[in-house]
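Spelled out from the first residue to the last, the chains are:
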Amino acid sequence: MPDQPRRHVIDVIAGDGIGQEVVPAAIRCLDAVSARHGFGIVWRDHDWGSDRYRSDGRMMPADGLDQLADGDAIFLGAVGAPGVPDHVTLWGLLIPIRRAFLQYVNLRPVRILPGVRSPLADPGGLDVVIVRENVEGEYCEAGGRIYAGRPEECAIQEAVFTRTGIERVARFAAELAADRAGLVVSATKSNGMIHSMPFWDEVVSEVIAGYGGVHIEHVLIDALAARAVLKPGSLDVIVASNLFGDILSDLIAALAGSIGLAPSANLNPDRDHPSMFEPVHGSAPDIAGQGIANPVGQIWAGAMMLDHLGETAAAADLVAAFESVLAEGTRTPDLGGSAGTAEFADAVLGRLAPTPVSAYTVPTPAHRDQKGPDWTRPQPPNHGTTGSLLGSSAEQPPKAPHRMQGERNVENLTE
Ligand code: GGG
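Residues numbered from 1 in each chain as written. Predicted model: local features only at pLDDT ≥ 70, side-chain atom pairs only at ≥ 80, totals over all residues.

**Student:** Can you explain the overall build of the protein chain? Please cite residues and give values.
**Tutor:** Looking only at helices and strands, the protein chain has twelve helices and twelve strands in total. For the protein chain, the proportion of its 415 residues judged to be buried stands at 50%. Of the contacts formed within the protein chain by residues at least 6 apart in sequence, a portion of 79% connects residues at least 24 apart. (Helix = DSSP H or I, 4+ residues; strand = E, 2+ residues; numbered from the N terminus. Buried ≥ 20, exposed ≤ 12 C-beta atoms within 10 Å, placed from the backbone. Contact = placed C-beta atoms within 7 Å.)

**Student:** Which residues make up the site of the ligand, and what are the values?
**Tutor:** The environment of the ligand is formed by Leu76, Ala78, Val79, Gly80, Leu90, Asp246, Glu278, Pro279, His281, Gly282 and Ser283. If you list the elements that add at least two residues to the shell around the ligand, you get β3 (73-78) and β12 (275-279). Here the shell around the ligand is composed, by residue class, of five nonpolar, four polar and two charged. (Near = placed C-beta within 6 Å. Nonpolar A, V, L, I, M, F, W, Y, C, P; charged D, E, K, R; others polar.)

**Student:** Talk me through helix α10 (residues 312-327); I want residue IDs and the actual numbers.
**Tutor:** Side chains three or four residues apart in an α-helix point the same way, a direct result of the helix having 3.6 residues per turn. Between its first and last C-alpha, α10 extends 22 Å over 16 residues, near the 22 Å set by a 1.5 Å rise per residue. Residues Thr312, Ala314, Ala315, Ala316, Asp317, Leu318, Val319, Ala321, Phe322, Val325 and Leu326 constitute the buried set of α10. Where α10 ends, the next residue or the one after it, Gly329, has phi of about 105 degrees, a positive value. (Expected span 1.5 Å × (residues − 1).)

**Student:** Tell me about the sheet that holds strand β9 (residues 215-220), residues and numbers included.
**Tutor:** Across the sheet, ten strands lie side by side as β2-β1-β3-β12-β11-β4-β5-β10-β8-β9; this open sheet has mixed pairing. The sheet terminates laterally at β2 (39-45) and β9, the two strands that pair on one side only. Strand-to-strand twist in this sheet, taken as the mean axis angle between neighbours without regard to direction, amounts to 25 degrees. As judged from the four bridges shared by strand β11 (residues 263-267) and β12, these two strands associate in the antiparallel manner. Within β12, the residue paired with Asn266 across the bridge is Met276. Sheet contacts for helix α5 (residues 163-179): β4 (105-111), β5 (127-133), β8 (183-188) and β10 (237-240); angle to β5, the most-contacted strand, approximately 165 degrees. (Pairing = 2+ DSSP bridges. Axes fitted to C-alpha atoms, helices over the stretch in contact; angles between N-to-C directions.)

**Student:** Could you give me a rundown of the environment of Gln103, with the residues and numbers involved?
**Tutor:** Residue position: Gln103 is located in the loop between α4 (86-100) and β4. For the pair formed by Gln103 and Ser275, sequence separation is 172 residues and the distance between their alpha carbons is 6.3 Å. The residues touching Gln103, leaving out its near neighbours within four places in the chain, are Arg98, Asn134, Val135, Asn266, Leu267, Asn268, Ser275 and Met276.

**Student:** Mind laying out the pairing of strand β1 (residues 6-15), listing which residues take part and the relevant values?
**Tutor:** Most of β1 sits inside the fold, with eight of its ten residues counted as buried. Pairing of β1 with β2 involves seven bridges; the strand directions are parallel. Across the sheet, the residue bridging to Ile10 is Trp43, located in β2. Taken together, β1, helix α1 (residues 19-37) and β2 constitute a β-α-β crossover, and its handedness is right-handed. (Right-handed = clockwise from strand over helix to strand, strands pointing away.)

**Student:** Can you break down the confidence of the model for the protein chain residue by residue, with the values?
**Tutor:** Where the model shows low pLDDT, its predicted coordinates should not be examined in detail. Mean pLDDT over the protein chain: 88, with 85% of residues reaching 70 or higher. In this model, residues 356-388 is a region of pLDDT below 50 whose contacts with residues beyond four sequence positions or in other chains number 65 contacts. Every residue in residues 391-415 is under pLDDT 50, and counting partners more than four places away or in other chains gives 47 contacts. (pLDDT = per-residue confidence, 0-100.)

**Student:** Would you mind going over the nonpolar core in detail, with residue names and values included?
**Tutor:** Formed by 113 residues in total, the largest nonpolar core has its most connected members in Val131, Ala173, Val184, Ile238 and Leu318. A domain-level breakdown of this core finds at least three residues from each of domain 1 (1-104 + 262-369) and domain 2 (118-256 + 379-415). Apart from the residues lying within four places of it in its own chain, the contact partners of Val131 are Val105, Leu107, Val169, Phe172, Ala173, Leu176, Val237, Ile238 and Val239. (Core = buried A, V, L, I, M, F, W, Y, C linked by C-beta atoms within 7 Å. Domains from an automatic or database assignment.)

**Student:** Help me get a handle on unusual backbone geometry, residues and values and all.
**Tutor:** Not every positive phi belongs to a glycine, and Leu102 is a case in point at roughly 45 degrees. Along the polypeptide, Leu102 turns up in the loop between α4 and β4. Exposure remark for Leu102: the 18 C-beta atoms within 10 Å place this residue in the partly exposed category. Its identity as a non-glycine residue notwithstanding, Ala284 has a phi of 45 degrees, on the positive side.

**Student:** I'd love a proper account of the environment of Leu309, names of residues and values included.
**Tutor:** Mapping Leu309 onto the fold places it in the loop between α9 (296-308) and α10. For Leu309, a count of 23 C-beta atoms within 10 Å puts it in the buried group. Separated by 34 residues in the primary sequence, Leu309 and Ser275 have C-alpha atoms spaced 9.7 Å apart.

**Student:** Which residues make up α9, and what values go with them?
**Tutor:** Taking 1.5 Å per residue as the helical rise, α9 with its 13 residues ought to reach 18 Å, and the 18 Å between its terminal C-alpha atoms agrees with that figure. In terms of residue burial, α9 counts as a mostly covered element, since 13 of its 13 residues are buried. Within two residues after α9, Gly310 carries a phi angle of roughly 95 degrees, on the positive side.

Here you go:
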């Protein structure tokens, strides 16, 4: 029987605002790189988002999760629209997908890309991967509101931290750190949050202790925010709860030049459900419709998706293409340039000309069994494109653990 062409079925949810602009731009780049590397992408488009909510009262159809379940991955743009409450857009689409498909790791690499200027005077060595817990923690539907409309009205918001949930995300961070600088910084707030964060610290420490050569620092989230600004080069892998990881990734992405550059992978590391790839940024209604949104976060998220699907060479090619466009000075307005979204994508396409790659050389594995980079396992030092997608620290000397003045290591706290 002749070999089948490789083919990946991707569910697309462009969503709201600039999602409608950066997703088509990224898809053009992904189609070009797939043609160049001899595999096909079947896009299944879903018009889900706030417009649908306004007409149907739902961000996605009742069977939306079923529609996504048999795809190879999900490619999401942005959610959020003026006039629709933010908790409706998030809890009606993004969070149910993350939870239904046990995408318990949200992986967010940030580094300074060629030709991009940091707002910091000395961003030296900013090359960080945030491993954000993605399905529990502070993002929790347990709670409620009582005495609505009365002076004694009250809202109760619970947070849920499970041993299983903390262990699995800490393991992921440890394995990643073992291939990088060997340092995991864990974001905590165990001085103020009396139950959840001491438990988080305890479980993270237990997990990391099982990894010889990987060091752990527990750093209070406020001190960690300051350290990210003042000494970004002292950070490498950060493991954080859902809320802390969300906030830190916006901060550190801005320090690397623009939140528009930052990608994110919602990973189901066990690979028994599809994973979802999206930029870190939201729908940016202030610039939506102007064609000036930075598509790099979306394109880079697409490269992470290819890497996850085992298309490591194509992923590396795509990262190299947008890096080269940035390096030669084509930039969107968030980076001080004047290029539009489509113009930037055109420049990337110009670097992805077809090469003679046979589409019929590799047998098609079922995607569930396909062994792309397995993020739950340590990767060899120069594995495929992992270095280029997450940062190139594999080629850098390990960073020494660093502590800022006044910053406390929670393990050593005596007060
Ligand atoms: N790129 C998807 C998006 O719109 N993100 C905005 C957002 O508010 N995300 C919240 C989260 O990542 O938890």
